[in-house]
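Reading the structure
The primary structure of each chain is shown beneath.
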Amino acid sequence: MDTKTKVKDCIVKLLKVKPEEVKEGLSLEQSLGVDSTEMVEVCIALQKEFGISIQEKEVAKQHSVEQIAKVIDSKKKA
Amino acid sequence: MIKKIAITGFGIVAPSGIDKKAFWANIKAGRSAIKKIERYDSSLYPSHIGGQIHDLDAYSHVSSRLLQKIDPFSHMALIASELALKDAGIDVSKENLNNIGIFMGNALGGWLYGETELRDLYIEGREGVSPYMASAWFPAAPQGQVSIYYGIKGYSKTVVSDRASSLMAIGHAIKILVKDKVEFILAGGMEAPLSPYGLLCCNTNGELSKNNEHPEEAYKPFDKARDGFVVGEGAGIMILESEDRAKKRGKKAFAYITGYGTTCDGVDRIKSDPGGKQLARAIRIALDDAGYRPEDIDYISLDGAATFEGDVSEVAAIKEVFGKDAKDIPVSAPKTMFGNLLGASGAVDVLVTLLAMEHSLIPPTLNLKEIDPECLGLNYCRDKAKEHSIRRAIVISRGRGGINAVLALEKG
């Protein structure tokens, strides 16, 4: 499973939303109305999922799933 | 009070039923909803019985996404608010959101959420704690959630005053409405005390019945064999608006709130003053506020703490205010059927009284077999509901440390 799909699955499971609600190219705020507190939860869930450390400023509600996947891929390579 | 405040809709979420039809059917029949608490192993608690709600989700329009961010006490408040608005025929989206208020009360806050996250803190560390912990457990959380859900932005307040919280919230709300600060108010209370830690706190307080073998017979205020009250969970929310506004929109009031009184005993950190002097004064203030004479009252909804000091002082206060009429006015403690909802109890007692007025039926006090000699002299309605026309009533709600609150009502 690629990083983008794993990120999407993680968000769907955490926020209890339908997969089709997570829209391609739109930020989490635009597609799901994610607020800053939910973003803290998303950040913690992604850290657990990928086993890496992610600072809260590195992934934001203004990011799309694709952008978040890129951040994670680059951290995994580093 | 300068003008009467109309109650034009209400929502009940209680162990005896969610929404008024189911709830009233059980109250009318004198059916107890007190059972052993089995949602976790509570068997080692000195008191492990209570009034529980099992089917919250079936009535809820609240999304799963929101539910994981809130405690059950906020969930109950959201359901009761929705039922109340529907009952009042109000579509919030068509109202001026700046002119709607929310006045609610509870005693404990949302302990299920709080204790679960504290457990996670000690097991998983800092990152195991939900960021919603900060906003889920605290007593004003239900007010906030109802405000967010409907976009309500007017003058609002949460009252924490032990078991008198919701009646005091209603008392504050009517003062605000009399001053025309808002158009209408969602007022009432909610409580979810049956979580493992919440129930433990209620137990250590020492005022709960230990009659675990006979849950339905355990809550027996004013009885010689009483040994404390039984706790319950639930919410009661009502829509309050001026008489003029209700008339303008063609909505008949279920009842009017005509008076409110509150006092403090100033005697003990837990127990009521056995003499009941300050409760008597609170009753007089409420009657004076409403312009009633004691003989105008057709029904008294009792606090019914089922503790020696609580019961004896309540009876003493009623005898002092109502004199020779005390033996004739029907009185009862319907919470013996569903438990003492702590901070929500006063609001739910008001709603039971509205239903009693509507159906001309006094709801019973269960389990009152042999009246404590020190509590004699009142016209207790026992075991079965009794037909009786109620035009004017008072509701008594009291909290630990000698908090007394009394509301006067008149049928709409």
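Our subject is the structure that appears above.
This report concerns the structure included in the present document. The shown structure was predicted, so the numbers you read here are calculated from the model rather than taken from an experiment. (Residues numbered from 1 in each chain as written. Chains lettered and ligands numbered in written order. Predicted model: local features only at pLDDT ≥ 70, side-chain atom pairs only at ≥ 80, totals over all residues.)

**Comments concerning the overall build of chain A**
A count of helices and strands for chain A gives four helices and zero strands. Along the chain direction, N to C, the helices and strands of chain A fall in the order α-α-α-α. Here the C-alpha atoms of chain A give a radius of gyration of 11 Å, agreeing with the 12 Å that 2.2 N^0.38 yields for 78 residues. With respect to the three principal axes, the spread of C-alpha positions in chain A is 30 × 25 × 20 Å. Across the 78 residues of chain A, 19% fall into the buried class. Pairs at least 24 apart in sequence give 55% of the contacts found in chain A among residues at least 6 apart. (Helix = DSSP H or I, 4+ residues; strand = E, 2+ residues; numbered from the N terminus. Rg over C-alpha atoms; globule rule 2.2 N^0.38 Å. Buried ≥ 20, exposed ≤ 12 C-beta atoms within 10 Å, placed from the backbone. Contact = placed C-beta atoms within 7 Å.)

**A closer look at the interface of chain A and chain B**
With seven residues of chain A at the interface, the matching set in chain B holds seven residues. Counting residues per element, the side of chain A that touches chain B draws most heavily on helix α3 (residues 36-50) of chain A, which supplies four residues. When the residues that make up the side of chain A that touches chain B are grouped by side-chain class, the tally is four nonpolar, one polar and two charged. (Nonpolar A, V, L, I, M, F, W, Y, C, P; charged D, E, K, R; others polar.)

**Structural notes on the environment of D349 of chain B**
Residues and elements named next belong to chain B. Note that D349 resides in helix α13 (residues 345-359). When the C-alpha positions of D349 and P274 are compared, they lie 23 Å apart, and in sequence the two are 75 residues distant. When neighbours within four sequence positions are excluded, D349 is seen to be in contact with S301, K335, V395 and S397.

**Some thoughts on the packing of helix α3 (residues 72-88) of chain B against helix α6 (residues 141-150) of chain B**
Angle between the axes and distance between the axes: these two values describe a pair of packed helices. Residue and element names in this part refer to chain B. Contact pair α3 / α6: the axes reach a minimum separation of 9 Å and the direction vectors enclose 45 degrees. Comparing their axes, α6 and α3 come out oblique. Classified by chirality, the crossing of α6 by α3 is right-handed. In this structure, α3 contributes F73, S74, A77, L78 and S81 to the contact, and α6 contributes A141, P142, Q145, V146 and Y149. Residue composition of the contact of α3 with α6, by class: seven nonpolar, three polar and no charged. (Axes fitted to C-alpha atoms, helices over the stretch in contact; angles between N-to-C directions. Parallel < 35°, antiparallel > 145°, perpendicular 65-115°, else oblique. Left-handed = near helix turned anticlockwise from the far one by under 90°.)

**Considering the pairing of strand β1 (residues 5-14) of chain B**
All names here are of chain B. Extensive coverage of β1 is indicated by the burial of 10 of its 10 residues. Judged from the three bridges that link them, β1 and strand β9 (residues 255-264) form a sheet pairing that is antiparallel. Bridge pairing links I7 to A255 in β9. The pairing of β1 with strand β8 (residues 234-242) spans eight bridges and is antiparallel. Along β8, the bridge assignment pairs I12 with G236. Strand direction decides the pairing type here: β1 and strand β2 (residues 17-18), joined by two bridges, are antiparallel. Each residue of the ladder has a partner; that of V13, found in β2, is I18. As consecutive antiparallel partners, β1 and β2 are separated by two residues. (Pairing = 2+ DSSP bridges.)

**Let's talk about helix α1 (residues 20-28) of chain B**
Residues and elements named next belong to chain B. If you check which residues of α1 are buried, you get K20, F23, W24 and I27. An end-on view of α1 places all buried positions within 95 degrees of arc, on one side of the element. For α1, the exposed residues lying more than 90 degrees away from the buried face are K21 and A25. (Arc of directions from axis to C-beta.)

**So, the environment of S301 of chain B**
Residue and element names in this part refer to chain B. Following the sequence through the fold, S301 ends up in strand β10 (residues 299-301). Assessed through the 27 C-beta atoms surrounding it within 10 Å, S301 is described here as buried. A sequence separation of 214 residues divides S301 from D87, and the C-alpha atoms of the two residues are 23 Å apart. Apart from the residues within four sequence positions on either side, S301 is in contact with S332, D349, V352, T353, A393, V395 and I396.

**A short note on the environment of C43 of chain A**
All names here are of chain A. With respect to the element layout, C43 can be found in helix α3. The exposure class of C43 is partly exposed, given the 19 C-beta atoms found within 10 Å. Separated by 28 residues in the primary sequence, C43 and L15 place their C-alpha atoms 12 Å from one another. Non-local contacts of C43, meaning those with residues more than four positions away in its chain, are made with I54, E56 and V59.

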